[in-house]
Amino acid sequence: MVEPQEDELVLEFFAVKEIDFNGEKRWLGKVQVDKTYTMLILPVEGELLAIHAYCPHEGISLAKAPLVAPHIIECPEHNNRYDLRSGELKGYRVEIRAGKFCLIE
Ligand code: FES
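This report concerns the structure included in the present document. Bear in mind that the values here come from a model prediction, so they are computed numbers and not experimental data.

With respect to the sheet that holds strand E8 (residues 81-83)
Spatially, the three strands line up as an open sheet ordered E6-E7-E8, and their pairing is antiparallel. In this open sheet, the two edge strands, each paired with only one partner strand, are strand E6 (67-69) and E8. Averaged over neighbouring strand pairs, the angle between their axes works out to 35° when direction is ignored. Relative to E8, strand E7 (residues 72-74) is paired through three bridges, and the arrangement is antiparallel. Of the residues in E8, the one forming a bridge with Ile-72 is Asp-83.

Laid out in structure tokens, this is it:
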């Protein structure tokens, strides 16, 4: 685990798959908190953001869900839209430290 800064919970992300989505890279991987979660890292307006990889509605993978506006992701199956800033989908800031993705809460 990478050393956390003060007042940060840092989760190490174990990337298992790199995805090319419309010319942009995304990553699927695991983080361990109380249990193991599958997370998706995607670029949002030039910054990396991590969200749970499966939609809370019916569990469809968001790995190839389009951003239909900055910060708005759309379920590819049902076209429901989520604002990534609202907290509706649990999200983390992502920093690359010592060459590793770190999710910061
Ligand atoms: S599975 Fe959640 S909106 Fe489609």
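What about the sheet that holds strand E9 (residues 91-97)?
Pairing is antiparallel across the open sheet formed by seven strands, whose spatial order is E1-E10-E9-E5-E4-E3-E2. What marks the edges here is a single partner per strand, and that holds for strand E1 (10-12) and strand E2 (14-21). Across the sheet, the mean angle separating the axes of adjacent strands is 35° when strand polarity is ignored. Relative to strand E4 (residues 36-44), strand E3 (residues 24-32) is paired through six bridges, and the arrangement is antiparallel. Counted as the bridge partner of Gly-29 is Met-39 from E4.

About the cut-offs
Residue numbering note: each chain is counted from 1, following its sequence as written. Selection of residues for local features in this predicted model requires a pLDDT of at least 70, selection of side-chain atom pairs for listing and counting requires 80 or more, and totals for whole chains, interfaces and linings are taken over all residues. Between any two strands, pairing holds if DSSP finds at least two bridges. Numbered from the N terminus, helices here are DSSP runs of H or I no shorter than four residues, and strands are runs of E no shorter than two. Between N-to-C directions, angles cover 0 to 180 degrees, with each direction set by a line fitted to C-alpha atoms, over the stretch in contact for helices.

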